[in-house]
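Architecture and fold: a report
Read off the chains here:
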Amino acid sequence: MPIPKIFVHIQKDTLKKQLSSVLARKGCHFIYASEDEPWDQALLNADVHLALIEMTGDMSAGLNRIISSRLPGELEWVFISDGQPNVTLDKLIRSGAGFHLRPPLDLKLLQEVLDDFIADYTALQVARSEQVTISELDQFGLLVGSSKVMRKLYRTMRKVANSEAQVLIMGESGAGKELVAHTLHLSSNRNNGPFIAVNCGALSPELVDSELFGHIKGAFTGAVKDHQGFFAQAEGGTLFLDEVTEMPLAHQVKLLRVLENREYRPVGSQHIQQANVRVVAATNRNPAEAIEQEIFREDLYFRLAQFPLMIPPLRERDDDIVGLAKHFLAYRNAQELTEIGISPEALSKIADYHWPGNVRELKHCIERAYILADDVIQPHHLQLQQDFLGDGYKQNASLENIPAGIPLEDLTRAAIEATLAENQGNRKTTADQLGISVKTLYNKLEKYQQDDEQI
Ligand SMILES: Nc1ncnc2c1ncn2[C@@H]1O[C@H](COP(=O)(O)OP(=O)(O)OP(=O)(O)O)[C@@H](O)[C@H]1O
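Scope of this entry: the structure provided in the associated data block. Nothing here was measured: the structure is a model prediction, and the numbers come from that model.

Turning next to the overall build of the protein. In terms of regular secondary structure, the protein is built from 22 helices and 16 strands. The proportion of buried residues among the 455 residues of the protein is 36%. Long-range pairs, those at least 24 residues apart, make up 74% of the contacts in the protein with a sequence separation of at least 6.

Another point: the site of the ligand. Taken together, 21 residues sit near the ligand, with V144, G176, K177, E178 and V359 positioned nearest. Among the elements that make up the shell around the ligand, the one with the highest residue count is helix α22 (residues 438-453) (four residues). For the shell around the ligand, the residue count by class is six nonpolar, eight polar and seven charged. The residues that make up the shell around the ligand include at least three from each of domain 2 (148-310) and domain 3 (315-453).

What follows is about the sheet that holds strand β4 (residues 76-81). Pairing within the open sheet is parallel, and its five strands lie in the order β2-β1-β3-β4-β5. Edge positions in the sheet fall to β2 (29-32) and β5 (98-101), since each has one partner strand and no second. Across the sheet, the axes of successive neighbouring strands diverge by a mean angle of 15 degrees, strand direction being ignored. In this structure, β4 lies alongside β5, joined through four bridges in parallel fashion.

Here we have five strands laid out as an open sheet, ordered β9-β10-β13-β8-β14, and parallel in their pairing. Edge positions in the open sheet fall to β9 (195-199) and β14 (307-310), since each of these has one partner strand only. On average, each strand axis in the sheet is tilted by 20 degrees relative to the strand beside it, whichever way the strands run. Note that β9 and strand β10 (residues 238-242) share five bridges and pair parallel. Residue pairing in the sheet places A197 in a bridge with F240 of β10.

Each value, and the rule that gives it
- Residues numbered from 1 in each chain as written.
- Predicted model: local features only at pLDDT ≥ 70, side-chain atom pairs only at ≥ 80, totals over all residues.
- Helix = DSSP H or I, 4+ residues; strand = E, 2+ residues; numbered from the N terminus.
- Buried ≥ 20, exposed ≤ 12 C-beta atoms within 10 Å, placed from the backbone.
- Contact = placed C-beta atoms within 7 Å.
- Near = placed C-beta within 6 Å.
- Nonpolar A, V, L, I, M, F, W, Y, C, P; charged D, E, K, R; others polar.
- Domains from an automatic or database assignment.
- Pairing = 2+ DSSP bridges.
- Axes fitted to C-alpha atoms, helices over the stretch in contact; angles between N-to-C directions.

This is how it looks when you write it as structure tokens:
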């Protein structure tokens, strides 16, 4: 780990002697001003973190040159003077540059100041190198995580991947259902075939049949050419039916038939097609409740859930929360050839938050913090949903807490994610509350997902 560099300009021999124990301190590198060049020039040329300067009246010109450079804000300063008033020095100290120690010199205080500085510097270096260039987490397919629950999930997925069982994935929005579906596909014998993902809630009710099963030219007004449905597109591979509970009931029956017979007929066609497709479905809802509310057919549930897989919400994967944050940061650093770190305080804030938006929210939060931080992500760089909208946003319905200057698209995304989390991922209710169509909501979520995937 790099050690801090301290520039020293002490002229009086008596002071040099007094400081000998301080200057013998280990854990930092002292660079002394030479007689060959003016002290201010030497300091401007040196790449140091702190300057320890004995100030005398004849140094004001040099100090003025320092003040007009960028250096004052970039360095920590400790001045030792004989107590003579010095306007230039006062100006620098009043701007918050550091310490001005007057006689009698308190060596203990000077030692403490240097100790604090070295401790802060070291903490910063630790934070910078806090495993942000490496990821510590295990990975299975596209899924990252080492927590007990994730490891259990990996084992189950490995077993189920190679069977032809239909899988129903359950879990909150942003918990990783699509990633699980895709990983199942990649780990299966069908991995040379296509993986087609469909948002059932975004299908327009009039076109569900045509979207799923395709149509032939002239099947209906506007059917100007043959159209391949999702089943045909997924032939030989996996069809992922996301938000399957949002599919209109009438179409759920048709889906059930295909799952039972492995046959379907494109709209307007006389020819039955064979479906060689593995269906993996997902829902944010509790299927039992959806069945009770009569929006999800029980027989379809049993058909789809030959193998139910429950994805735990991020807040139940305690061991993974901080690991995932570092993972996303490490990947971003590798991509951008940067070394942005994360402070222990920021990691605590991440660990303590309840992540209603799950992994998606965490990933997006790190992405924003990466952009905001200069070198180390601090707690104030982490913009959480609750920071945007407040926990009591709904109750207070107050817009006053929204900080000025937030890009509108960020605000839209925060509103969507907060509302989705509040509604346990139910997109219909979310769209209704936000006053947008389900289709618009899906389009936005798809865009956010694509943005996230570029991380
Ligand atoms: N275990 C994980 N490892 C790495 N990234 C993950 C993990 N889980 C989720 N993600 C990331 O979080 C985001 C959301 O994941 P995904 O789309 O799979 O969630 P989802 O449950 O299908 O969400 P929704 O219900 O809103 O469709 C994606 O950017 C994904 O890459």
